[in-house]
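Examination of the molecular architecture
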Amino acid sequence: MTPSRIAAILFFLLLLPAAIFARDIEILVEDEDLSMPLEGARVILRGGAQFICNENGRALVTLPDDRQTIVSITYPGYETFRLSIPAASGGAVSGGEIEKYTASLRLGGMMTSQELVLEAARPETSETKSGRSVAISDRELARTAEIGIIEDVMKSVKLLPGVGYTGMFSAMPSIRGGDPGDLMAALDGFYLERPYHWMGGISIFDPKMVSSARLSHGVFSARYGHTISGLLEVTSKSPSTTETEIEAGIGTSAASLNLSLPMWGKGGVLFMGKVTYWDTLVWAAKGLSNVTDNETLDMINFVTTAPFIRSAGVSMNYRFTPNIEWRLNSFFGSDGVGADIKTDYSQYIDDDITGIMEAKADYGNYQGFLISGVNTSPSPKIALRFTGGIGFIRTITDDYIDNNITAAYNEEFIELFDDPDTRDMLRDKGTYTAPNVKAGIMLDSVVFNAQGRADADIELGNGFIIAFGVQELYSRWAQTTDVNLEFMETSFERLKKRLTPAEIAGMKASGLFPAMDVPDAAIIIPSEFSSDVLNHGFTTSAYTVLEYASQNQRFGAELGLRIDHLYFIGRGFSFQTQPAFNPRLNIDIGILKNMGNLDALTATVGSGLFSSMNPLICFFDPGQFGNVVDALVDGYDIKLNRSWTSVIGMKTDFLQKYSFNIEGYYKRIFDRSYITADTTYGIIPQFHFDGVGDVWGFDLQLQKLESRYFDGWISYTYTWAKYMDPSGGEPGISNGSTNTTGEQWYYPSFHRFHNCNIVLNIKPLRWFNIAVRFGFASGQPRDKVSKEIVPYPVQLADEKGNPVLDDEGDPIIIQKYRRKELPENEKGIERSAWSLPLDIKFSFFPSISKSGRTSLEIYLAGENILSLVYTPPGRTRFNSYTGKEDPDPGSGNFDFPIPMVSFGFKWRY
């Protein structure tokens, strides 16, 4: 028998138990008193899978195995019903017929002479809507976010259509060509300014603390704003009102614990905590670096404080009456990392260079928030929501670099100078010493914000709903910054543009600037920048929305208007923006319904305006920051970022639990704020509000909904995005552009043309699941560079631009290396290599409880598995003081160059 036949037989035998033990049952859900079927009731399995009852109150439920289990059945206004399903041997119907059960629900609470209020899900928060948003359920979060060394909701979000690839350690993706910093997050309606750990490496949203997440990247409702690209709406997990629940997890790098306690059947409190311990991972990586030749992995040896995260949260809710519910959420988290890098230049013995380069970096971040709100329905047709909260973020960084070297001049470098006296001087000296070329950055930033909002939905009848609300967001930004850069290079050509002809002539006549006429020569003028900023911002918003849905659900529309206004106060100044009017319109047309295997075919078209504020604007001071003083002459010159977005889409739902959605969009960005910096003498940031951008593309998603053996989705995104900074020309520090030549259009550095993700959840056995995430993403733009490395002179100067002289009274000239400038006809943009991330998780579910109340998962996961055979190649690197090139190009991204393996267990009761 051939090996292939043996493998086929073994594979068949492995799958056979799944076919034997999997079973379908039918549950009828009805009102206990009226015996009326309850259409829309939810049947929830212990693992989180949900099944919806049809118009006859019946749901066909797929159980993963033949063991006894308990299912929960919920319906608005009724008490939660728990139904015990016996083992297959005890509940099977003779003749192979499907097992059938009945659940009779009773109304919740004691009501006397009161009208029953059935509270529906809050509009715009629970479901995927074509042309507006895509939602992720708690079940999908468990499979796509609870994987690897760090569990993060953003891992799931980054797999959705319209989201650009960012790598393993970045939670700030580009949403449909927008700036990554423009992604706004809201937790239960509360806006979070920087919901990240590790400077944006991961988000604060632990999947064990979240019940669902929704990414709005289309023309979403006017109820929300503060973004021109994407809004991440996160719904926190609610405690059980009737049972005590415990969930614990211990893994390779983190431990978590959730404890839910009921409160008299009317509410509950949920305690959540998480601690990471990367010390063991750092220790193992350091050991691996000693036996492998990988320069990227060698960087792990410089870590002094292993990356850490500590977080805790509390969630509470309580229903005082059938139509008044109170909720509270709180969170506190801290994270940090430290490194000390030392490079001994004596290792380059052949290059006649000695010295030490030392860099230290310490980072700490602390954040927390407290949110509270009340939902009430004073009448069956009115829903009111009031939300308020406070939050803070404090970030402290202390970075330092000391670079002190002595090296020898070579003849190629000396021949760059036309003056024979300068060449003789360099030959006589033979070596140069760059004395303590240092840099230091210290930052202490504190952000405090308080928010309040009130929302009302009123049913007008005949399919119409009107909604309106007001929101106030107060922010206080305090930041102390000290920057000292003793190695900031400025080309002599750039310096000459800022000097008068007389000043240039004086420099030449002095004979102390011999490098100024050498092509590509540079000068180091120490740059300092200090600021102590204290600013306040009041963002006031109001909206109104009119919704319509026909009785047969064939036509729907939403028309809304949102108005945003910013009032800004600083030390000795204030300004306000013009009110930003943001009308939005969405139209949904049901083309087909219930035709053969086609459940529904829906078309969507929408268009609307959006506004936001660049977070960097919050920290300017008109006494220090360039052109801001001029802008304040007319306060209305300070503008909010704006975009006009139009979307057309089509969604097809099939009876076999398949769904296909395709959307095309165009986005015009205008009044975009960006910052440039003049670094010739010091660092002078300059703010501009005239940036524009054109973005268009399409994305699609084919999804297999929850099923017995496999589910998941395939998504593809094509994005074309170009920006322009009309007032550019100086180095940009706000958008990472690769082209700062003013009027020219450029691809932003985060842009990728193609992004594809494949998510599969394979369940061959009742006790064994496989989760697979694979993707490919095209490269990001970068300037073309020459392969030739050439020397160039760098002359030292003091803060005033005067030359620094050695003990013999001669100017100090450093020999450095750079890539040769390309000819004009060869300059342009190229793309980095493709990225191919692959993650796999194996989950085992051993049977530990016959009642079904307790479950255990043991998992083994691997991230970035293809790094064993493929790593996106980067450019070859070279030492700027020796010109020595490293033949290893290294990695083209910031992921670990090795697979990241994790394992652990999760226990639930």
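Below or above, wherever it landed, is the structure these notes cover. (Residues numbered from 1 in each chain as written. Predicted model: local features only at pLDDT ≥ 70, side-chain atom pairs only at ≥ 80, totals over all residues. Heavy atoms only, no water.)

1. Quick notes on the overall build of the chain
Tallying secondary structure elements over the chain gives 11 helices and 43 strands in all. The buried share of the chain, taken over its 909 residues, is 49%. Look at the contacts in the chain between residues 6 or more apart in sequence, and 70% of them connect residues 24 or more apart. Carbon and sulfur atoms form 60% of the exposed surface of the chain, whose accessible area is close to 40,600 Å². (Helix = DSSP H or I, 4+ residues; strand = E, 2+ residues; numbered from the N terminus. Buried < 20%, exposed > 50% of the residue type's maximum accessible area, 1.4 Å probe, protein only. Contact = heavy atoms within 4.5 Å. Areas by Shrake-Rupley, 256 points an atom, 1.4 Å probe, with all protein chains shown as cover.)

2. Details of the environment of Ala 254
Relative to the assigned elements, Ala 254 resides in strand β16 (residues 254–263). Between the C-alpha atoms of Ala 254 and Thr 276, which are 22 residues apart in sequence, the distance is 4.0 Å. What Ala 254 contacts, discounting residues up to four positions off in sequence, is Gly 249, Lys 274, Val 275, Thr 276 and Tyr 277.

3. Comments concerning the packing of aromatic side chains
Taken as a whole, this structure holds 33 aromatic pairs when the rule is applied. Aromatic side chains Tyr 409 and Tyr 432 sit 5.3 Å apart centroid to centroid with 35 degrees between the ring planes, which places their arrangement in the tilted category. With Tyr 409 in the loop between β21 (382–408) and α7 (411–414) and Tyr 432 in strand β22 (residues 431–461), this residue pair connects regions lying 23 residues apart in the sequence. Here the two residues Tyr 409 and Tyr 432 agree in accessibility, since each one is buried. Consider the rings of Phe 768 and Phe 842, whose centres lie 6.3 Å apart with planes at 5 degrees: the pair is stacked. (Phe/Tyr/Trp six-rings, centres within 6.5 Å; stacked < 30°, edge-to-face > 60°.)

4. Points about the sheet that holds strand β7 (residues 99–105)
Taking strand neighbours across the sheet as the criterion, the three strands line up as β4-β1-β7 in an open arrangement whose pairing is mixed. A strand with exactly one partner marks an edge of an open sheet, and here the two such strands are β4 (58–63) and β7. Across the sheet, the mean angle from the axis of one strand to that of its neighbour is 30 degrees, orientation sign disregarded. Relative to β7, strand β1 (residues 23–31) runs parallel, the two being bridged by seven bridges. Bridge pairing in β7 places Ile 25 opposite Glu 99. (Pairing = 2+ DSSP bridges. Axes fitted to C-alpha atoms, helices over the stretch in contact; angles between N-to-C directions.)

5. Describing the pairing of strand β41 (residues 838–844)
Two faces make up the sheet, and in a regular strand the side chains alternate between them. Sheet analysis places strand β36 (residues 768–777) next to β41, joined by seven bridges and oriented antiparallel. Directly across from Phe 774, in β41, lies its bridge partner Leu 838. Pairing analysis gives five bridges linking β41 to strand β42 (residues 855–863), with the strands arranged antiparallel. Opposite Ser 843, over in β42, you have Tyr 859 as the bridge partner.

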